[in-house]
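So the chains spell out like this:
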Amino acid sequence: MYSLTDKPITTLAELKDHKMWALPGAPAELMKRLGVPFVSAPSVRQQELFSRHVVEGAIGSVEGGGTVREIGVDDAAIQLAYAQSVIVVPGYGLAVAQAQHAVRELADQLEARGVDVKYAIHPVAGRMPGHMNVLLAEANVPYPQLREMEDINPEFERTDVALVVGANDVTNPAARRPGTPVSGMPILDVDRARSIIVIKRSMGRGYAGIDNELYANPKTGMLFADAKAGLGELTAAVKAL
């Protein structure tokens, strides 16, 4: 999480003692409710990332690069319940749906079955640096489970299931090759997990305005649902197994 002091912030109490750089809109309202002072301007790093990589236009399409596979709640629940390791990848869609408590409830059910659960935190996921940290802290997700991008990326290839909840551009493999609007943007290596589940309302594009190639990966199953509702259904299905 980014603050004006460069000192790592690990708890909500510490967060309230620091000013945060926040973008306008819903995240700012959330920060107000949490009692966190902020100024309405993006961080230097966020300005750099978005000015370099988020541009108008689209190159290619998911349809042109592969087939999108839709899965149901029961299929997704079985994959999660019988996994040894799961990495949750939260994004702006989780924030919009206010699904932080729902994802914690699902994680609790998985952990009760012996599944190792971690959260992959991209530095600009959501609408401000640290947005996901704030939301997950509100849901009392244990801080050691929140892993920054550089720390978590090597673990995806050893992970049974990556569960993407409302994250888009920050998971797009197109960033690894030149010639796309997101070329060079640091991403979470979700596509290297053994299996991928994406909870998303629709096939809508992210800020970059291009389709996410992750969705056409043969390992990816799309669970089309509101984040909060979809997570609730998954939790119920896991309980029933």
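This write-up is about the structure you can find in this document. Fair warning: this is a prediction, and the values are worked out from it, not measured in the lab. Just so you know, the residues in each chain are numbered from 1, in the order the chain's sequence is written. A pLDDT threshold of at least 70 governs which residues receive local features in this predicted model, and a stricter bar of 80 or more applies before side-chain atom pairs are shown or counted, although totals over entire chains, interfaces and linings include all residues. Only hydrogens and water are set aside; all other atoms, that is, all heavy atoms of the structure, feed into the side-chain values.

1. Focus: the overall build of the chain
Link 1 in the chain: Of regular secondary structure, the chain possesses ten helices and eight strands.
Link 2 in the chain: When a residue's accessible area, from a 1.4 Å probe over protein chains only, is under 20% of the maximum for its type it is buried; when over 50% it is exposed; and in between it is partly exposed. The buried share of the chain, taken over its 241 residues, is 52%.
Link 3 in the chain: In the chain, 75% of the contacts between residues at least 6 apart in sequence involve partners at least 24 apart.
Link 4 in the chain: Of the accessible surface of the chain, which amounts to about 10500 Å², a share of 52% is contributed by carbon and sulfur atoms. Numbering goes from the N terminus for both helices and strands, where a helix is a DSSP run of H or I of at least four residues and a strand is a run of E of at least two. The contact criterion used throughout is that any non-hydrogen atoms of two residues lie within 4.5 Å. Note on areas: Shrake-Rupley, 1.4 Å probe, and residue coverage restricted to the protein chains presented here.

2. A look at the packing of helix α7 (residues 100-112) against helix α8 (residues 131-138)
Link 1 in the chain: Simply put, an axis is a line fit to the C-alpha atoms, just over the touching stretch for a helix, and the angle between two N-to-C directions goes from 0 to 180 degrees. Between α7 and α8, the shortest axis-to-axis distance is 8 Å and the interhelical angle comes to 65 degrees. With respect to each other, α7 and α8 are oriented roughly perpendicular. Judged by the sense of rotation from one axis to the other, the crossing of α7 with α8 is right-handed. Taken together, the residues of α8 that come into contact with α7 (itself represented by Gln-100, His-101 and Val-103) are Leu-135, Leu-136 and Glu-138. Throughout, the term roughly parallel applies to angles under 35 degrees, roughly antiparallel to angles over 145, roughly perpendicular to angles from 65 to 115, and oblique to all others. Left-handed describes a crossing in which the near helix is turned anticlockwise from the far one by less than a right angle; the clockwise case is right-handed.

3. Comments concerning the pairing of strand β7 (residues 195-200)
Link 1 in the chain: The element β7 is extensively covered by neighbouring structure, given that six of its six residues are classed as buried.
Link 2 in the chain: When strand β6 (residues 161-165) meets β7, the two strands line up parallel, connected through five bridges. Among the inter-strand pairings, Leu-163 is bridged to a residue of β7, identified as Ile-197.
Link 3 in the chain: The pairing criterion for strands is at least two bridges between them, as found by DSSP. Across five bridges, β7 lies against strand β8 (residues 220-224) in parallel orientation. Within β8, the residue paired with Val-198 across the bridge is Met-222.

4. A short note on helix α10 (residues 227-240)
Link 1 in the chain: To estimate how far a helix should extend, the number of its residues minus one is multiplied by 1.5 Å. Over its 14 residues, α10 runs 20 Å from end to end, which matches the ideal 20 Å to within 8%, given 1.5 Å per residue.
Link 2 in the chain: Every buried residue of α10 is listed here: Ala-227, Gly-230, Leu-231, Leu-234, Thr-235, Ala-237 and Val-238. End-on view of α10: buried residues confined to an arc of 165 degrees, all on one side of the axis. In α10, the exposed positions angled more than 90 degrees off the buried face are occupied by Lys-239 and Ala-240.
Link 3 in the chain: Packing partners of the buried residues in α10 comprise α5 (73-81), α6 (92-96), α7, β6, β7 and β8.
Link 4 in the chain: Where α10 starts, the residue carrying a side-chain oxygen 3.0 Å from the main-chain nitrogen of Lys-228 turns out to be Asp-226. This arc corresponds to the set of directions leading from the helix axis out to the C-beta atoms. Pairs of N or O atoms are called polar contacts if they sit within 3.5 Å, as long as, within protein, a hydrogen donor faces a hydrogen acceptor (for residues adjacent in sequence, only side-chain-to-side-chain pairs).

5. With respect to the nonpolar core
Link 1 in the chain: Leu-80, Val-86, Tyr-119, Leu-163, Leu-231 and Leu-234 are the most contacted members of the largest nonpolar core, which has 40 residues in total.
Link 2 in the chain: Not counting residues up to four positions away in its chain, the partners in contact with Val-86 are Leu-80, Leu-110, Val-115, Asp-116, Val-117, Lys-118, Thr-159, Val-161 and Leu-163.
Link 3 in the chain: If you look at the next biggest cluster of nonpolar residues, it comprises 26 residues, including Ala-120, Ala-162, Ala-167 and Leu-214. Think of a nonpolar core as a cluster: buried Ala, Val, Leu, Ile, Met, Phe, Trp, Tyr and Cys residues, connected wherever their side-chain atoms sit within 4.5 Å.

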